[in-house]
Amino acid sequence: KCMAQNFISSGINAEYGGSGKISGVSLSYLTENQDQAVIWRGPKKTAMIKQFLQDVCWGELDYLLIDTPPGTSDEHMAVMECIPNCFVILTTSPQAVAAADVLRQVSFCKKTGAIILGIIETLSGFVCPTCSDCSLLFSQDGGKRLANHCNLSFLGSVPIDPNLSKYLDNGTLLENSDTCISYQSYCKIVDEVLELVKSN
């Protein structure tokens, strides 16, 4: 019996952008112990991803977001086979070695027909939780340089922000959104992504 067949994705209320619902599915939902590691080889992982995409009762969706591990592995191939011409957002940290890995992902996406919406730079500095000054931890503008090199949109950068984690953990993000630098960065990126999706 298919593990994910007729599995109803869990839904929680989401307040960003008004009332709505965010649904999600994960292999950990189907294991007896969610802390237990799942050690599978390629064919089994590929089959599970296809089941999540084809057999889960998602209902009506505005968007389906799929978070994949770095690289160009079986997981990515499985998604591309199930959703041809899907939209892709690539992320990189500022260092040159990270950008080099993402450059290979750009090549992978072009060969498989995926539509790259743009590149986001993460770990773009550290926001002081006291004074909100942002200090650079690594090199600067690696994501922007990569986007320019590949002729892709640079969607924005997101620094490490301890306050973002604190607000998310205690459920007070929206009340503190005006003072959370990372939250403001995410909102700008989301708005730009939505515009790119509409234009494509």
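The structure we're discussing is the one just above.
Basis of the calculations
- Residues numbered from 1 in each chain as written.
- Predicted model: local features only at pLDDT ≥ 70, side-chain atom pairs only at ≥ 80, totals over all residues.
- Heavy atoms only, no water.
- Helix = DSSP H or I, 4+ residues; strand = E, 2+ residues; numbered from the N terminus.
- Rg over C-alpha atoms; globule rule 2.2 N^0.38 Å.
- Buried < 20%, exposed > 50% of the residue type's maximum accessible area, 1.4 Å probe, protein only.
- Contact = heavy atoms within 4.5 Å.
- Areas by Shrake-Rupley, 256 points an atom, 1.4 Å probe, with all protein chains shown as cover.
- Pairing = 2+ DSSP bridges.
- Patch = residues over 30% accessible without salt bridge, like charges linked within 9 Å, V, L, I, M, F, W, Y side chains within 5 Å.
- Salt bridge = Lys/Arg side-chain N within 4 Å of Asp/Glu carboxyl O.
- Core = buried A, V, L, I, M, F, W, Y, C linked by side-chain atoms within 4.5 Å.

## Some points on the overall build of the protein
In terms of helices and strands, the protein carries six helices and six strands. Starting at the N terminus and walking to the C terminus, you meet the elements of the protein as β-β-α-α-β-α-β-β-α-β-α-α. Here the protein has a C-alpha radius of gyration of 18 Å; the compact-globule value for 200 residues is 16 Å, and the two agree. Dimensions along the principal axes, computed over C-alpha positions, put the protein at roughly 55 × 40 × 35 Å. The proportion of buried residues among the 200 residues of the protein is 34%. For the protein, contacts bridging at least 24 residues in sequence account for 65% of all contacts bridging at least 6. Surface accessibility of the protein: about 12800 Å² in total, with carbon and sulfur atoms responsible for 52%.

## Considerations on the pairing of strand E3 (residues 87-92)
Alternating residues of E3 divide into Val 88, Leu 90 and Thr 92, all buried, and Phe 87, Ile 89 and Thr 91, none buried. Here E3 pairs with strand E4 (residues 115-127) via six bridges, running parallel. If you follow Thr 91 over to E4, its bridge partner there is Ile 120.

## Concerning the side chain of Ser 185
As for its placement among the helices and strands, Ser 185 is situated in helix H6 (residues 181-199). Note on Ser 185: relative accessible area 15%, which makes it buried.

## Digging into a nonpolar patch on the surface
Side chains of Leu 123, Phe 126, Leu 137, Phe 138 and Ile 160 sit close together on the surface and give an oily, nonpolar patch of about 380 Å² of accessible area. With respect to the helices and strands, Leu 123 occurs in strand E4.

## Quick look at the nonpolar core
Formed by 16 residues in total, the largest nonpolar core has its most connected members in Met 80, Val 88, Leu 90 and Cys 109. Looking at this core, the elements with two or more residues in it are E3, helix H3 (96-112), E4 and helix H4 (142-149). Broken down by element, this core gets its largest block of residues, five residues, from H3. If near-sequence neighbours (up to four positions away) are discounted, Leu 90 is found in contact with Val 102, Gln 105, Val 106, Ile 116, Gly 118, Ile 119 and Ile 120. The next biggest cluster of nonpolar side chains, apart from the first, holds seven residues, and it includes Ile 120, Leu 155, Val 158 and Leu 196.

## A look at the environment of Cys 131
Within the secondary structure layout, Cys 131 lies in the loop between E4 and strand E5 (134-135). Each C-alpha atom of the pair Cys 131 and Asp 62 lies 38 Å from the other, and the pair is 69 residues apart in sequence.

## Remarks on the pattern of salt bridges
Applying the stated rule across the entire model yields three salt bridges. For Lys 50, the salt bridge is made with Glu 81, and the minimal N-O distance between the two is 3.0 Å. Taken together, the residues span a long stretch of sequence, with Lys 50 in helix H1 (residues 42-54) and Glu 81 in helix H2 (residues 74-82) at a distance of 31 residues. We classify Lys 50 as partly exposed; its relative accessible area is 28%. Classification of Glu 81 as partly exposed rests on a relative accessible area of 47%.

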